[in-house]
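Survey of secondary and tertiary structure
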Amino acid sequence: MEKMPKWADVLLTPLISLVLAMAISALVILAIGESPWEALTTMIDGALGSSYGWGFTLYYATNFIFTGLAVMVAYHASLFNIGGEGQAAMGGLGVALVLLSLPLPHWALALPAAMIGAALFGAAWALIPAWLQARRGSHIVITTIMFNFIAAAALNYILVNLLRPVGSMDPASARFPNETHLPKLSDMALSLGVEWGKNTPVNISFFVAVIACVLVWLLIWRSRLGFEIRAFGKSEPAALYAGINPVRITVIAMLISGGLAGMMAINNVMGEAERLVLNAVEGAGFIGIAVALMGRNHPLGVFLAALLFGFLYQGGGELALWTSIPRELIIVIQALVILFTGALDNMVRVPLERMFMAMRKRGA
């Protein structure tokens with residue numbers, strides 16, 4: 001028997017953790033002589049109070065959906081993939097090579113081609129850590145961290161020495177052809193006669209991220225491969241007894257995870273920058289870890305947690321712009337949310353489990 005209802009685990013636990021994080025954040029803001037209420041209203045107004053704010057919130061959320069799903073898939077195989085940063089960076093390289101090499105006459109053809117390039121490069125960057133874990137027992141956390149740094153160095157070299165246009169001082173690739181530019185949601189809304197999200201980077205890849213949530217749900221909970229991934233993640237000896245090959249599942253789960261992280265590049269590289277630049281990932285690979293943990297490693301939870309962190313990113317930027325609260329404190333607030341929803345999860349979960357078990361005993 002479960003210690004508490006599923007809805008309490010999925011909704012109530014992260015909600016209480018979020019409230020605790022916000023309460024501690026309010027105390028920190030008070031300690032520096034600022035108003036927590038003013039900070040909250042500024043963040044809400046900046047992130048959700050206008051179509052402009054929503055445009056940036058959804059743009060950031062799109063990045064976090066892809067990296068959150070990447071962490072989620074690996075987690076179900078009992079693998080902690082923290083290499084999303086490097087895999088997303090390599091996905092950006094895949095997008096750039098596809099769009100700069102192939103004569104694609106329309107974005108509708110360029111998008112699937114870029115998705116394939118991004119997924120292949122992201123998956124390839126996850127392949128070696130997966131093989132080392134499966135065959136040599138090298139811990140996936142260590143190898144994926146190392147590959148984050150290798151990806152950053154490799155991308156730096158490639159941009160400066162190979163992809164940088166002649167005469168340019170900027171360590172970035174050439175701009176992608178105009179025909180491959182993704183439609184912004186503001187342009188799509190304008191075609192329907194609605195002015196929404198003008199001058200914001202959110203684009204059609206947001207819908208791709210939503211579709212990815214559905215497909216990952218079908219994969220993990222409605223497919224044979226998903227069952228094998230979950231069985232292996234729950235108990236490797238039981239999976240072996242059932243005839244599930246641990247090497248195969250480890251490699252496949254990490255390939256899917258890396259491919260999802262790489263696909264983030266269709267949003268930030270293809271959709272927003274429209275060229276490959278240094279540091280395009282901007283920490284989204286690491287935020288994906290918090291998104292997956294807060295979302296309880298379920299696609300719906302990942303979607304909602306990504307929206308929350310999109311709100312924190314955009315609202316935090318507005319807070320730094322319109323108040324005297326330093327930008328560093330915004331990072332503290334984000335860190336507190338990660339701390340309470342991740343590392344201190346049991347601080348909320350255990351008392352809730354005891355409460356629900358006590359309620360069951362009274363009702364029995």
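Counting of residues starts from 1 at the beginning of each chain's written sequence and follows it residue by residue. Per-residue local features are limited, in this predicted model, to residues with pLDDT of at least 70; the limit for side-chain atom pairs, both in listing and counting, is 80 or more; totals at the level of whole chains, interfaces and linings are taken over all residues. Water and hydrogen atoms play no part in the side-chain values, which are based on all heavy atoms of the structure.

A short note on the overall build of the protein
Strands here mean DSSP runs of E at least two residues long; helices mean DSSP runs of H or I at least four residues long; both are numbered from the N terminus. What the protein contains, in helices and strands, is 16 helices and zero strands. Its C-alpha atoms give the protein principal-axis dimensions of roughly 75 × 60 × 40 Å. Two residues form a contact once any of their heavy atoms are found within 4.5 Å. Intrachain contacts of the protein at a sequence separation of at least 6 include 77% that bridge at least 24 residues. Throughout, the Shrake-Rupley method with a 1.4 Å probe supplies accessible areas, and for residues the shown protein chains are the sole cover considered. Surface summary for the protein: the accessible area is close to 17,200 Å², and the carbon and sulfur share equals 68%. We score Asp and Glu as negative and Lys and Arg as positive, and we do not count His or the chain ends. Every charge is mapped onto a representative atom, which is NZ of Lys, CZ of Arg, CG of Asp or CD of Glu. In the protein, 21 side chains carry a positive charge and 19 a negative one; their mean positions are 15 Å apart.

A short note on the layout of surface pockets
Volume-wise, the largest pocket comes out at about 660 Å³. Lining the largest pocket are 19 residues, and of these Y75, H76, K234, R296 and N297 sit closest to its centre. Mapped by element, the contributors of at least two residues to the lining of the largest pocket are helix 1 (6-31), helix 3 (51-76), helix 9 (224-234), helix 15 (327-343) and helix 16 (345-363). Gly falls in the polar group here, along with every residue not listed as nonpolar (Ala, Val, Leu, Ile, Met, Phe, Trp, Tyr, Cys, Pro) or charged (Asp, Glu, Lys, Arg). Looking at the lining of the largest pocket, its residues break down into six nonpolar, six polar and seven charged. Its boundaries defined by the atoms lining it, the second largest pocket holds a volume of some 420 Å³. Those elements that provide at least two residues to the lining of the second largest pocket are helix 1 and helix 14 (299-322). The element that contributes the greatest number of residues to the lining of the second largest pocket is helix 14, accounting for seven residues. The class makeup of the residues in the lining of the second largest pocket is 14 nonpolar, three polar and no charged. The method works on a 1 Å grid over the protein atoms by themselves. A cavity is a set of points holding a 1.4 Å probe that cannot get out, a pocket is an open set with protein on both sides within 12 Å along at least five of seven lines, and residues with an atom within 4 Å of a point line them. Grid points are joined across faces, edges and corners, and a volume is the space filled by probe spheres set on the points.

Here's the deal with the packing of aromatic side chains
Any Phe, Tyr or Trp ring, taking Trp's six-membered ring, that has another such ring centre within 6.5 Å forms a pair; planes under 30 degrees apart are called stacked, those over 60 apart edge-to-face, and the others tilted. All chains considered together, the criterion is met by nine aromatic pairs. Look at W125 and F147: their rings are 5.2 Å apart centre to centre, the planes differ by 65 degrees, and that puts the pair in the edge-to-face class. Here the residue W125 occupies a position in helix 5 (residues 107-136), and F147 occupies one in helix 6 (residues 140-163), the gap between them amounting to 22 residues. Summarising the aromatic geometry, the rings of F206 and F207 are spaced 5.7 Å apart at their centres and angled 65 degrees between planes, so their arrangement reads as edge-to-face. The structure contains a cluster of three or more aromatic residues connected by ring pairs, namely Y52, F56, Y59, Y60, F64 and Y313.

Some details on the nonpolar core
To form a nonpolar core, buried Ala, Val, Leu, Ile, Met, Phe, Trp, Tyr and Cys residues must be joined to one another through side-chain atoms within 4.5 Å. Type-normalised accessible area, obtained with a 1.4 Å probe on protein chains alone, sets the label of each residue: buried when under 20%, exposed when over 50%, and partly exposed for intermediate values. Ranked by internal contacts, the top residues of the largest apolar core, which has 86 residues, are F64, L69, V95, L99 and F309. For this core, the element with the highest residue contribution is helix 3, accounting for twelve residues. Each residue touching F64, except ones within four places of it in the same chain, is listed here: A284, I287, V291, A306, F309, G310 and Y313. Membership of the second largest hydrophobic core comes to 20 residues, among which are A239, V251, M254 and A292.

Notes on the side chain of E228
You can see E228 is positioned in helix 9. When sequence neighbours within four positions are dropped, the list of residues in contact with E228 reads I244, R248 and I249.

A closer look at the environment of M270
Along the chain, the position of M270 falls in helix 12 (residues 265-273). Note on M270: relative accessible area 0%, which makes it buried. Put simply, M270 and T200 are 70 residues apart on the chain and 14 Å apart in space, counted from C-alpha to C-alpha. M270 has contacts with V95, L99, A110, L111, A114, F176, T180, L182 and A265, leaving out every residue within four places of it along the chain.

Observations regarding a nonpolar patch on the surface
Within the patch definition used here, like charges are joined within 9 Å and nonpolar side chains (Val, Leu, Ile, Met, Phe, Trp, Tyr) within 5 Å, considering only residues with over 30% relative accessible area and no salt bridge. Any carboxyl oxygen of Asp or Glu within 4 Å of a side-chain nitrogen of Lys or Arg constitutes a salt bridge here. Residues W37, L40, I44, L48 and W54 make up a contiguous nonpolar surface patch of about 490 Å² in total accessible area. With respect to the helices and strands, W37 occurs in helix 2 (residues 36-48). Residue W37 is classed as exposed on the basis of its relative accessible area, which comes to 62%.

Details of the confidence of the model for the protein
Every residue is assigned a pLDDT by the predictor, reflecting its confidence on a scale from 0 to 100. Looking at the protein as a whole, the pLDDT averages 92, with 99% of positions reaching at least 70. Within the protein, the lowest mean pLDDT, 79, falls on helix 15, and the highest, 98, falls on helix 8 (residues 205-222).

Points about the environment of G259
Summarising the element assignment, G259 is placed in helix 11 (residues 246-262). In the structure, G259 is positioned 111 residues away from N148 in sequence and 15 Å away in space, judged by C-alpha atoms. Every residue in contact with G259, bar those within four places of it in the chain, is listed here: A119, G122 and A123.

Description of the pattern of salt bridges
For side chains of opposite charge, pairing can occur when their charged atoms come near one another. Inspection of the entire model under this criterion finds four salt bridges. The partner of E274 in a salt bridge is K184, and the shortest N-O contact between them spans 3.5 Å. In this pair, E274 is assigned in the loop between helix 12 and helix 13 (284-294) and K184 in the loop between helix 6 and helix 7 (185-191), connecting sequence segments 90 residues apart. Judged by relative accessible area, E274 falls into the buried class, the value being 15%. K184 sits in the buried class, given a relative accessible area of 15%. A salt bridge links R248 to E228; its shortest N-O distance comes to 2.9 Å. In this pair, R248 sits in helix 11 while E228 sits in helix 9, placing the two residues 20 residues apart along the sequence. Residue R248 is classed as partly exposed on the basis of its relative accessible area of 38%. Put simply, R224, E228 and R248 are held in one network by salt bridges that share partners.

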